[in-house]
Each structure stands twice: as structure tokens, then as C-alpha cells.
Amino acid sequence: MKIDQVLAAGICGSESLHRRRWLTMAGATASLFAAGAFAQELAETPKFTEGPFYPDRLPLDTDNDLLLLNDSITPAIGQITHLTGRVLSNSGSPIRNAFVEIWQCDQNGAYLHSGTSNKDRRDLNFQGYGRFLTDSKGQYYFRTIKPVAYPGRTPHIHVAVSQHGQRILTTQMFVSGYEQNLKDGLYRSIKDDQARKNVTIDFTPIADSKIQELSAHFEIVLGATPVESADGQLLGLPQRSKG
């Protein structure tokens, strides 16, 4: 589902309030990345391996709203987060029709994977995985939960970008200000200060939310600009990288 479709139809049926908030957040973040701001911000997004918990069976529902499964009316447990961002080339050009995937553990620390250590506690209402196709401005949007820690890892969300059927980036985003970050081996492996800053994201309370929703914005900068077909369409499904 593209962003214009999200705004027209809503990601959860009658979620007009979410659409208004997304418009406000998108406008605010766009102003931060006007032409003069790119020079200081376009460090390449660090790459990570996929990790062991990419879903080994994708859910039937793979849209960009991870809080509701299909027609269920029971939402997942966790602090609702509206995750926005753009996929950009290293020169600052937006990448349209990029296939963005996210996956993360639920509020109990369980992944949508048969090998997760506490699958008996998995929140069956949490989708665990979502996908989105960027628009002409390179924008994407997900509704999910604020990530939580689990044994051995600081809170994080896995993010992957594919185009023309090929995985071109696998990375992770982390929660700004979380003390466990500096004890996390993958986080500490990022030696460049700007690169570390770019994957350390603020989860900001939404001022008018009565249910303590958060907003987060993650700009994804690719190290090389992928070649796009003449009609701007993806060619097939993404092939996951093993490295």
C-alpha cells in the first residue's frame, strides 16, 4: 500500500485520526530535510546481517499496520508508534518503489519465528512483520509498537530495503537514550559517530494522543543508487541476502 492510499483509505478502516497525525508528522520532518540540510545528514545507513529471526513463515497479513491482524478488532500489546521515513540515495535523491520491510519482537520479546525462545508467550495479535512500497518522494509509513529489549539485545527494529527483486540493504534502528545500547554488540560495532547517530532514533510522544502514542522518523540512506526500470516498478519479489 502506497502512502497516498494510506491517506485516502486509512490503514485501519476508520483511523482518520492516524491519517491527520501522519500528515502533521510528514510535514514537520520534510522541513528538516530541505536542500540545505542534506550535506550534514547523508551518511550511509550502516548495514547489518539479517539475524536469525526473519519470519520463517510470513503472516497472511503483511501490510504496514502491525497492530491489527486482518479483520481483528483486538490490537497488539505495546506502545503504539507511528514510524515514518524516506529511502534516499547518498546524493539525497528519493528512491521510489523501494520495497521496505520491518520485523521485530512483540511486547513479550517473542519473534514471529518458530525458533524464538519464548514462542509460548507470543502476542498472537501482533503481526511481527510488515512491508511498504515507497512513493515518489521515497516515503514509507508503518504503525507498530515501540521495540523492547529481550535477553542479549537492546531494543531494535529490523529494516530491509529491496528493489527490482534484490535486497540492497539490511539494517536495524535503535531507541535513542536507551542505556543498554552501549552494551549491545551490534550497536557498539558501529564505529562512525554519524552512522551511529543515523540509526539511533527518537521515539517522541504525540502531544494530542490520549493513549500515549509515539512518533519515530528513520531516514534510510543507500550507499549506491539502484537502477530503476522505465516504468518505476519492482521486478519480482525481493531475494533475501544471506550476508
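A brief structural summary. Given the structure is predicted, the values throughout are model-derived calculations rather than measurements.

Our next topic: the pattern of salt bridges. By the definition in use, this model includes five salt bridges. For the salt bridge of Glu101 with Arg167, the shortest nitrogen-to-oxygen distance reads 3.5 Å. Taken as a pair, Glu101 in strand S2 (residues 99-103) and Arg167 in strand S6 (residues 166-175) lie far apart in primary sequence, 66 residues in all. Across this residue pair, the class does not change: Glu101 and Arg167 are buried. Taking the shortest distance from any N to any O, the salt bridge between Asp184 and Arg153 comes out at 2.6 Å. Of this pair, Asp184 sits in the loop between S6 and helix H4 (185-188) while Arg153 is found in the loop between strand S4 (139-145) and strand S5 (156-163), placing the two residues 31 residues apart along the sequence. Taken as a pair, Asp184 and Arg153 share a single burial class, namely buried. One continuous salt-bridge network, built from bridges that share partners, spans Glu50, Glu101 and Arg167.

Ranked by size, the top nonpolar core spans 35 residues in total, and within it Val87, Tyr140, Phe218 and Ile220 carry the most contacts. If you list the elements that add at least two residues to this core, you get strand S1 (80-88), S2, S4, S5, S6 and strand S9 (214-217). In this structure, Val87 is in contact with Ser93, Pro94, Ile95, Ala98, Val100, Thr134, Gly138, Tyr140, Val161, Ile220 and Leu222, ignoring residues within four places of it in sequence. Counting residues in hydrophobic clusters, the runner-up holds twelve residues, among them Tyr111, Leu112, Leu133 and Ala160.

On to the pairing of S1. Of all nine residues in S1, nine are buried; the element is thus mostly enclosed. Side chains Ile80, His82, Thr84, Arg86 and Leu88 of S1 all project onto a buried face; the interleaved residues Thr81, Leu83, Gly85 and Val87 project onto the opposite face, where all are buried too. Sheet topology note: the S1/S4 ladder contains seven bridges and is antiparallel. When the sheet's bridge partners are listed, Thr81 is paired in S4 with Thr144. In the sheet, S1 pairs with S9 via four bridges, with the strands oriented parallel. Across the sheet, His82 pairs through a bridge with Ser215, a residue of S9. In terms of strand pairing, S1 meets strand S10 (residues 220-221) through two bridges, oriented parallel. Residue Leu88 lies in a different strand from S10, and its bridge partner there is Val221.

Conventions used here
- Residues numbered from 1 in each chain as written.
- Predicted model: local features only at pLDDT ≥ 70, side-chain atom pairs only at ≥ 80, totals over all residues.
- Heavy atoms only, no water.
- Salt bridge = Lys/Arg side-chain N within 4 Å of Asp/Glu carboxyl O.
- Helix = DSSP H or I, 4+ residues; strand = E, 2+ residues; numbered from the N terminus.
- Buried < 20%, exposed > 50% of the residue type's maximum accessible area, 1.4 Å probe, protein only.
- Core = buried A, V, L, I, M, F, W, Y, C linked by side-chain atoms within 4.5 Å.
- Contact = heavy atoms within 4.5 Å.
- Pairing = 2+ DSSP bridges.

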